[in-house]
Amino acid sequence: MSLDKVRSRLERLLVWRVWERMLEIEFVDRSVALAGKAFVSFFPLVIVIAAFMPDRVRSSILTTVTSRLGVRGDALATAQEAFASTDDIRRATGFLGLVLAIFFATSFTTALQRIYVRAWRRPHRRGVGAYGRGVAWLLATLASMAVLGVLRGALGGSAVGTGVFAVLSLAGTSGLWWFSAWFLLLGEVRPRVLVPTGVITALAMGGYAVSATVWMPELVTSNEEQFGFFGVALALVTWFSGAATCVLVGACAGPVFAEDPGRVGLLVRGGEAETLTAGA
């Protein structure tokens, strides 16, 4: 078989087209930018918001964060320290600081929105409303983290409970990423065709979180011994970089699946030709 025929067959594969879409949006630059925004704005916001929440809600958020990061042992103790000094955080931040932290964190939602917009080849719109959408998305994400933390605490402890939580977590995370894509795309893409984005992102993030339980604790511990707090920061940036890549895969897979002329595309679109809402 000639090289041209091999390439022609590869180019017809959905995986190949997803890869091409990732190259088109410059996924390396986008993932680094998203990881950086997550580290300097979104993650600190989680800590600040948690400090103003009741103990039970704060504990639920911490449970979700540490499980996603895959930290345990000494690394878990290090993460818990950031959430333990709630009084100090509240005194240092204040109400005005909390409001500013929320709006500063919208830089993360802007970077996330840019990924979806470029993946779907939509025009980028700016305006005051973008800040409002960013705040709404942040609050919805924090609420989902708290709910998942409560569910983990209620269902954990047994094999059956862990299995039930895994199913509910996957469903909830899929819904969150589906909502994220639809909301940040300003509702211009039909909700149905965004289902693959939500499911693929959730599966990728879930698998990544499981893998992080293997390498993340050792990375945090060794980096802290070597570089102190700066080493912990490096470990977090490493984790966020991988998570950002998972988001990019889901974002790029969505439009590729929806635009497929074959059976996959027909299933995703529900038998219709259009992927956008009327007037978009």
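Numbers given to residues run from 1 along each chain, matching the order in which its sequence is written. Local features in this predicted model are restricted to residues of pLDDT 70 or higher, and side-chain atom pairs are both shown and tallied only at a pLDDT of 80 or more, whereas totals for entire chains, interfaces and linings draw on every residue. Side-chain measures were taken over the full set of non-hydrogen atoms in the model, leaving aside hydrogen atoms and water.

Our next topic: the layout of surface pockets. Its boundaries defined by the atoms lining it, the largest pocket holds a volume of some 600 Å³. Breaking the lining of the largest pocket down by element, the ones donating at least two residues are α3 (27-51), α4 (55-69), α8 (129-155), α9 (159-184) and α11 (229-259). Class assignment of the residues belonging to the lining of the largest pocket gives a composition of 23 nonpolar, five polar and one charged. Definitions used for this entry: grid spacing 1 Å over protein atoms alone; cavity, a set of points where a 1.4 Å probe fits but cannot get out; pocket, an open set with protein on both sides within 12 Å along at least 5 of 7 lines; lining residue, one with an atom within 4 Å of a point. Grid points are joined across faces, edges and corners, and a volume is the space filled by probe spheres set on the points. When its volume is computed, the second largest pocket comes out at roughly 430 Å³. Lining of the second largest pocket is provided by 21 residues; of these, R68, R152, F165, A166 and S169 occupy positions nearest its centre. In this text, helices come from DSSP runs of H or I with a minimum length of four residues, and strands from runs of E with a minimum of two, each type numbered from the N-terminal end. When residue character is reported, Ala, Val, Leu, Ile, Met, Phe, Trp, Tyr, Cys and Pro are called nonpolar, Asp, Glu, Lys and Arg charged, and the others, Gly included, polar.

Glycine aside, negative phi is the norm for most residues, and most peptide bonds take the trans geometry. One non-glycine residue, R121, adopts positive backbone phi at about 55 degrees. Inspection of the secondary structure assignment puts R121 in the loop between α7 (106-119) and α8. With a phi close to 65 degrees, L186 is a non-glycine residue in the positive phi region. With respect to the helices and strands, the residue L186 is situated in the loop between α9 and α10 (195-227).

Bringing the packing of α7 against α9 into the picture now. Between N-to-C directions, angles cover 0 to 180 degrees, with each direction set by a line fitted to C-alpha atoms, over the stretch in contact for helices. Close contact between α7 and α9 brings their axes to 9 Å; oriented N to C, the two are set at 85 degrees. With respect to α9, the axis of α7 lies roughly perpendicular. Across the interface between the two elements, T109, L112, Q113 and Y116 from α7 touch W177, S180, A181 and L184 from α9. Among the residues making up the contact of α7 with α9, the classes are represented as five nonpolar, three polar and no charged. Here is the rule for angles: anything less than 35 degrees is roughly parallel, anything more than 145 is roughly antiparallel, 65 through 115 is roughly perpendicular, and the remaining ranges are oblique. The contact definition used throughout considers only heavy atoms, calling two residues in contact when any of these lie within 4.5 Å.

To form a nonpolar core, buried Ala, Val, Leu, Ile, Met, Phe, Trp, Tyr and Cys residues must be joined to one another through side-chain atoms within 4.5 Å. Accessibility here uses a 1.4 Å probe with only protein chains present; expressed as a share of the type maximum, an area under 20% marks a residue as buried, one over 50% as exposed, and anything in between as partly exposed. L34, L112, Y116, W120 and W239 are the most contacted members of the largest nonpolar core, which totals 65 residues. In terms of residue count, the dominant contributor to this core is α11 (15 residues). Setting aside chain neighbours within four positions, we find L34 in contact with F108, A111, L112, I115, A244 and V247.

Two aromatic rings, drawn from Phe, Tyr or Trp (for Trp, its six-membered ring), form a pair once their centres lie within 6.5 Å of each other, and the interplanar angle then sorts them: stacked below 30 degrees, edge-to-face above 60, tilted otherwise. Scanning the model with the defined rule gives 10 aromatic pairs in all. Measuring from ring centre to ring centre gives 5.8 Å for F43 and F240, while their planes differ by 65 degrees; the resulting arrangement is edge-to-face. With F43 in helix α3 and F240 in helix α11, the pair connects residues that are 197 residues apart, well separated along the chain. Residues F43 and F240 agree in their burial class; the two are buried. Note on F179 and F183: the rings are 5.1 Å apart at their centroids and 20 degrees apart in plane angle, and the pair reads as stacked. Separated by four residues within a single helix, F179 and F183 lie in helix α9, roughly one turn from each other. Classification of F183 as buried rests on a relative accessible area of 13%. Ring-pair connections join several aromatic residues into one group, and the members of that group are F43, Y208, W215, W239 and F240. Any Lys NZ or Arg CZ found within 6 Å of a ring centre and within 35 degrees of that ring's normal is scored as a charge over the ring. Stacked on the ring of F183, the Lys or Arg R133 has its end atom at 4.5 Å from the ring centre.

Any carboxyl oxygen of Asp or Glu within 4 Å of a side-chain nitrogen of Lys or Arg constitutes a salt bridge here. Tallied over the entire structure, the rule returns seven salt bridges. Close ionic contact of R17 with D260 constitutes a salt bridge, the shortest N to O distance being 3.1 Å. Linking R17 in helix α2 (residues 14-24) with D260 in the loop between α11 and α12 (263-269), this pair joins segments that are 243 residues apart in sequence. In this structure R17 comes out as partly exposed when scored by relative accessible area, which is 22%. Counted as one network, the salt bridges with shared partners bring together R21, E24, R121 and E259.

This part takes up the packing of α4 against α10. Orientation of α4 relative to α10, taken along the N-to-C sense of each, is 75 degrees, at an axis distance of 6 Å. When the axis of α4 is compared with that of α10, the two are roughly perpendicular. The residues of α10 that touch α4, namely those facing S67, R68 and L69, are M205, G206, A209, A212 and M216.

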